[in-house]
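Fold and contact review
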Amino acid sequence: MTKLELAVFGNKKCSSLPTTASRQERQAVLDEITEEIMRKLSPEDISTHVREIYDATIDEYATSALHQNIVDELVDFMSWLPQNARVLDMGCGPGRDVLFMSIADEKFRENLMGRKKGGKTTREKFPVPTKTFQVIGVDSSPQMLFAAHDQMVSLLERGLLKHNEKYPHFKHQDISGDLCWLEQFDGVWSCAALFTHTPKSDLAPTINSIAKIIKDGGIFYTTYTNGLAGGKYDKLLMSSTGRIKYFSHPNPDDIAQIAKQCGLVLVSQQFSDMEDKGIVIKKDLFVSQLYRKK
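Residues numbered from 1 in each chain as written. Predicted model: local features only at pLDDT ≥ 70, side-chain atom pairs only at ≥ 80, totals over all residues. Heavy atoms only, no water.

Some details on the overall build of the protein
- For the protein, the helix and strand inventory stands at 13 helices and 11 strands.
- Its C-alpha atoms give the protein a radius of gyration of 19 Å, near enough to 19 Å, the size a compact globule of 294 residues would have.
- Split into buried and exposed, the 294 residues of the protein put 49% on the buried side.
- Taking as baseline every contact in the protein between residues at least 6 positions apart, the subset at least 24 positions apart corresponds to 75%.
- Computed over 37 positive and 38 negative side-chain charges, the separation of the two mean positions in the protein equals 2 Å. (Helix = DSSP H or I, 4+ residues; strand = E, 2+ residues; numbered from the N terminus. Rg over C-alpha atoms; globule rule 2.2 N^0.38 Å. Buried < 20%, exposed > 50% of the residue type's maximum accessible area, 1.4 Å probe, protein only. Contact = heavy atoms within 4.5 Å. Lys, Arg positive; Asp, Glu negative; His and termini not counted. Charge placed at Lys NZ, Arg CZ, Asp CG, Glu CD.)

Next up, the structure:
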């Protein structure tokens, strides 16, 4: 149990709940005590919690239907970069996006373009990309990286991935705070990872680090939960696994302002809804932002 979970389950309002309390009732209490809990934790406590939760729930994450397909924004990101571009995927998880960008096989890519948004799948809205990149995926969860490596081995055995200059790599590293990278990239990609689990005090140093590792004229593309939709930065979620997950919901204007100070210019910004079987559950819940380095 992490320090965050100890603080939650040790809270009187939480511990006094009857064992018969529903998940919704427990979530209501969790929402009520979130600010109090967060005041007791450091950014390092949050980062450790996120890593441990993903390590413990890798099987549920990897098999979830929500995580099987790429998002539309990845196709857009790829269109901005030249063939053989060097790309960093921050918060790569089990490696879906890294492998999509690295492997040119049309059928492989098409199979990952089944996410439906606005009534159409990604493959119905966009042609299958033909560019391939030299990609490094980083994640703070060792179990996520083990899963990514297993995926890569499977593709090698199937002959879809060749041992060549585009061979993808995976590295273990916390994605928030000062990255301390020596390499530079044409593009940095982060899908529902960076700014999705980042303590507020880590926003500025994280964005500053990103700006340093992007080449002049390079791009940074990120997707995350829109803080303007809910009004609160920190969210603790009582998951179906029984573990508590931490999410950050930044204000897109704040991200853009910090990025501007670091030399990253906002090129485009789009909002999208949370949908369930074509029905809008939450309007403008997600945001995607594309930045270019001066």
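Digging into the sheet that holds strand 6 (residues 185-191)
- Across the sheet, seven strands lie side by side as 5-4-1-6-7-11-10; this open sheet has mixed pairing. Whereas interior strands pair on both sides, the edge strands pair on one side only; in this sheet they are strand 5 (169-172) and strand 10 (264-276). On average, adjacent strands in this sheet sit at an angle of 15° to one another, irrespective of strand direction.
- Examined bridge by bridge, strand 6 and strand 7 (residues 214-225) share six bridges and lie parallel to one another. Of the residues in strand 7, the one forming a bridge with Ser-190 is Thr-222. (Pairing = 2+ DSSP bridges. Axes fitted to C-alpha atoms, helices over the stretch in contact; angles between N-to-C directions.)

Some remarks on helix 3 (residues 23-38)
- Taking 1.5 Å of rise per residue, 16 residues should cover 22 Å, and helix 3 covers 21 Å from first to last C-alpha, within 8% of that figure.
- The largest bend in helix 3 amounts to roughly 45° and is located at Glu-32.
- Of the positions making up helix 3, those classed as buried are Gln-27, Val-29, Leu-30, Ile-33, Thr-34, Ile-37 and Met-38.
- Residues of helix 3 that are buried make contact with helix 1 (3-9), helix 2 (12-15), helix 4 (43-56), strand 8 (234-238) and strand 9 (244-248). (Expected span 1.5 Å × (residues − 1). Bend = angle between axes of the 7 residues up to and from the residue.)

Details of the pattern of salt bridges
- Using the criterion set out here, one finds 11 salt bridges in the structure.
- Of the charged contacts in the structure, one is a salt bridge between Lys-171 and Glu-183, with a shortest N-O distance of 3.4 Å. Taken as a pair, Lys-171 in strand 5 and Glu-183 in the loop between strand 5 and strand 6 lie far apart in primary sequence, 12 residues in all.
- For Lys-171, a relative accessible area of 35% puts it in the partly exposed group.
- Given the relative accessible area of 28%, Glu-183 is considered partly exposed.
- Because the salt bridges share partners, they merge into one network encompassing Arg-86, Lys-171 and Glu-183. (Salt bridge = Lys/Arg side-chain N within 4 Å of Asp/Glu carboxyl O.)

As for the pairing of strand 10
- When strand 10 meets strand 11 (residues 279-293), the two strands line up antiparallel, connected through 11 bridges. Directly across from Leu-264, in strand 11, lies its bridge partner Lys-293.
- Between the end of strand 10 and the start of strand 11, which pair antiparallel, lie two residues, with Lys-277 showing a positive phi angle near 55°.

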